[in-house]
Amino acid sequence: MPRSVNSVASRARRKKVMKQAKGYFGRRKNVWTVAKNAVDKAMQYAYRDRRQKKRNFRSLWITRINAGARMHGMSYSQFMGKVKANDIELNRKVLADLAMNHPEAFAAIVNKVK
C-alpha cells in the first residue's frame, strides 16, 4: 500500500504561515523555514504584549494622575487614599482623562477630597 501523505493540509498550513509573514523583510517573507520562525516569534510577542499593554496603560494613568495631583499640592498616594476614603468610585482611567483633558473637573475632585 502506498504511503499516505496529506499534502492538501500541509500546503494549506504553509500558505497560512506565508500569508501571515507578508510584509516581512528579506527571506522572512518568502522562505518557509525562516518565515515560520519569524511568525512564531511574532505570535509570542503579540501574546506577551497584549498583557503588557494593560500594565503600560495603568502606569500612564498613574503618571497623569500624579502630575495633576501635584499641581494641587498632593502626591499620588495621598490623592488616591483620599479618593477611596471619600467613596469616589472613579477608576484611574477616568481620573487620568480628567487630569489631562478637563483640569477644572479634576480640580473639583481634588478640592472635594482635601
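No experiment lies behind these values; they were computed from the predicted model shown. (Residues numbered from 1 in each chain as written. Predicted model: local features only at pLDDT ≥ 70, side-chain atom pairs only at ≥ 80, totals over all residues. Heavy atoms only, no water.)

Digging into the nonpolar core
Buried together is how nonpolar side chains tend to be arranged in soluble globular proteins. Cut-off, in case you're wondering: We call a set of buried residues a nonpolar core when its members are Ala, Val, Leu, Ile, Met, Phe, Trp, Tyr or Cys and they connect through side-chain atoms within 4.5 Å of each other. Burial here depends on accessible area, computed with a 1.4 Å probe over protein chains only, as a share of the maximum for the residue type. Under 20% is buried, over 50% is exposed, and the range in between is partly exposed. For the purposes of this entry, the term helix denotes a DSSP run of H or I that reaches at least four residues, the term strand denotes a run of E that reaches at least two, and both are numbered from the N terminus. Between two residues, a contact is recorded if the distance between any of their heavy atoms is within 4.5 Å.
Counting 16 residues, the largest nonpolar core has Ile65, Phe79, Leu95 and Phe106 as its most contacted members. For this core, the secondary-structure elements that each account for two or more residues are α2 (32-70), α3 (76-85), α4 (92-101) and α5 (103-113). If sequence neighbours within four positions are ignored, Phe106 has contacts with Ile65, Gly68, Ala69, His72, Phe79, Leu95, Leu98 and Ala99.

Some remarks on the packing of aromatic side chains
The geometry of an aromatic ring pair is captured by two quantities: the separation of the ring centres and the angle between the planes. Put simply, the test is: Two aromatic rings, drawn from Phe, Tyr or Trp (for Trp, its six-membered ring), form a pair once their centres lie within 6.5 Å of each other, and the interplanar angle then sorts them: stacked below 30 degrees, edge-to-face above 60, tilted otherwise. Two conditions define a charge located above a ring, namely a distance within 6 Å from the ring centre to NZ of Lys or CZ of Arg, and an angle within 35 degrees of the ring normal.
Using the criterion set out here, one finds two aromatic pairs in the structure. Considering the side-chain rings of Phe57 and Trp61, the 6.1 Å spacing of their centres and the 40 degrees angle between planes classify their relative orientation as tilted. Taken together, the positions of Phe57 and Trp61, both in helix α2 and four residues apart, correspond to about one turn of that helix. On the basis of relative accessibility, which here comes to 22%, the residue Trp61 falls in the partly exposed class. Over the face of the ring belonging to Tyr47 we find Arg51, whose NZ or CZ atom lies 3.9 Å from the ring centre.

So, the packing of helix α1 (residues 7-20) against α2
Here is the rule: For helices, the axis comes from a line fit to the C-alpha atoms of the stretch in contact; other axes are also lines fit to C-alpha atoms, and the angle between any two N-to-C directions lies between 0 and 180 degrees. A clockwise turn of the near helix away from the far one marks a right-handed crossing, whereas an anticlockwise turn of less than a right angle marks a left-handed crossing. Note on residue classes: Ala, Val, Leu, Ile, Met, Phe, Trp, Tyr, Cys and Pro are nonpolar, Asp, Glu, Lys and Arg are charged, and everything else, Gly too, is polar.
Following both chains from N to C, one finds α1 and α2 inclined at 65 degrees, their axes separated by 9 Å at the closest point. When you trace α1 past α2, the crossing you get is left-handed. Two secondary-structure elements touch here, α1 through Arg14, Val17, Met18 and Gln20 and α2 through Trp32, Ala35, Lys36, Val39 and Met43. Of the residues that constitute the contact of α1 with α2, the class distribution is six nonpolar, one polar and two charged.

As for the environment of Arg64
Of note, Arg64 is situated in helix α2. For the pair Arg64 and Lys93, spaced 29 residues apart in the sequence, the C-alpha separation amounts to 9.6 Å.

Brief notes about the pattern of salt bridges
The condition is simple: Any carboxyl oxygen of Asp or Glu that lies within 4 Å of a side-chain nitrogen of Lys or Arg is treated as forming a salt bridge with it.
Summed over all chains, the structure comprises two salt bridges. Two residues, Asp40 and Lys36, come together in a salt bridge whose shortest N-O distance is 3.5 Å. You can see Asp40 and its partner Lys36 sitting in helix α2, four residues apart, about one turn around the helix. Looking at Lys36, the relative accessible area reads 35%, which means it is partly exposed.

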